[in-house]
Amino acid sequence: MIIIICVNPIIKKYYGEDCINVFVNHVIELEKKFKQLLNVNIPLRMTDEQEKKFQKERKCFYCNKSLYKLAEGPLEKNKTGHVWFIDKVRDHNHYNGKYRDSTHNKCNLNAKQNKFVPLEIDKKLILI
Ligand SMILES: [Zn+2]
């Protein structure tokens, strides 16, 4: 049996009776490496231009709904009788620290980055 492991751009070929064990051990090693890569949380880094854009932004990047809504209830009203509730957070990529856009807090939490790397096995690459 031949097994070919391809983690772009690395391609490994292995021939032998124990190829399944070699394959599984290789996947376990890859898991350890990816776990280290995915276990980062780089703080947000914004340019002045991005901060200005964030301050002006009125729609959520994810749901495209308003980031502002008129508050309701007597305790929330000011002297003019109107209070704007602002639900706006800075969404950023935790792997590189880059600012993405302004979002609702809830939308930002729902859009968490994947903490897994899918494993795809192509039958054409396994030769018996
Ligand atoms: Zn939203």
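Cut-offs used in this document
Residues numbered from 1 in each chain as written. Predicted model: local features only at pLDDT ≥ 70, side-chain atom pairs only at ≥ 80, totals over all residues. Heavy atoms only, no water. Phe/Tyr/Trp six-rings, centres within 6.5 Å; stacked < 30°, edge-to-face > 60°. Lys NZ or Arg CZ within 6 Å of the ring centre and 35° of its normal. Salt bridge = Lys/Arg side-chain N within 4 Å of Asp/Glu carboxyl O. Buried < 20%, exposed > 50% of the residue type's maximum accessible area, 1.4 Å probe, protein only. Donors = N, O, S within 2.8 Å, 3.2 Å for Na, K, Ca; no water. Tetrahedral: all angles 85-135°; square planar, octahedral: opposite > 155°, others 65-115°. Helix = DSSP H or I, 4+ residues; strand = E, 2+ residues; numbered from the N terminus. Pairing = 2+ DSSP bridges.

Visitor: Hey, could you run me through the packing of aromatic side chains in this one?
Guide: Pairs of aromatic rings are described using the distance from one ring centre to the other and the angle between the two planes. One pass over the structure, following the stated rule, counts one aromatic pair. Relative to Y62, the ring of F61 lies with its centre 5.0 Å away and its plane at 75°, an arrangement referred to as edge-to-face. When the ring centre of Y68 is taken as origin, the NZ or CZ atom of R58, which lies over that ring, is 4.4 Å away. The cationic tip of K88 hangs over the ring face of F54; the distance from NZ or CZ to the ring centre is 4.8 Å.

Visitor: Before we go on, may I ask you to explain the pattern of salt bridges in this structure?
Guide: Oppositely charged side chains are able to pair whenever their charged atoms sit close together. Taken as a whole and judged by the stated rule, the model has five salt bridges. Among the salt bridges present, the one from E57 reaches K53, with a minimum N-O distance of 3.3 Å. Residue classification places K53 among the partly exposed residues on the basis of a relative accessible area of 40%. Members of the salt-bridge network, linked through shared partners, are K53, E57 and D101.

Visitor: What should I look at first to understand the coordination of the zinc ion in this one?
Guide: Ideal values differ by geometry: the angle at a metal is 109.5 degrees with four tetrahedral donors, but 90 or 180 degrees with six octahedral donors. Protein coordination at the zinc ion: the donors are C60 (SG), C63 (SG), H104 (ND1) and C107 (SG), at 2.1 to 2.3 Å from the metal. Considering all four donor atoms around the zinc ion, the spread of angles at the metal, 98 to 117°, places the coordination shape in the tetrahedral class. Between the donor residues of the zinc ion, the gaps in sequence give the motif C-x2-C-x40-H-x2-C. Of the two residues, C60 sits in the loop between α2 (48-56) and β3 (68-70) while H104 sits in the loop between β6 (99-103) and α3 (105-110), which places them 44 residues apart along the sequence. Residue classification places C60 among the buried positions, given a relative accessible area of 2%.

Visitor: Please explain the pairing of β6 as it appears in this structure.
Guide: Successive side chains on a regular strand alternate, one facing one side of the sheet and the next facing the other. For β6, a buried count of four out of five residues is recorded, marking the element as mostly surrounded by other parts of the structure. Inspection of the sheet shows strand β5 (residues 89-92) paired to β6 by four bridges, in the antiparallel sense. Bridge pairing in β6 places D91 opposite D101. Counting the residues between successive antiparallel strands, the hairpin from β5 to β6 contains six residues, one of them, G97, with a positive phi of roughly 80°.

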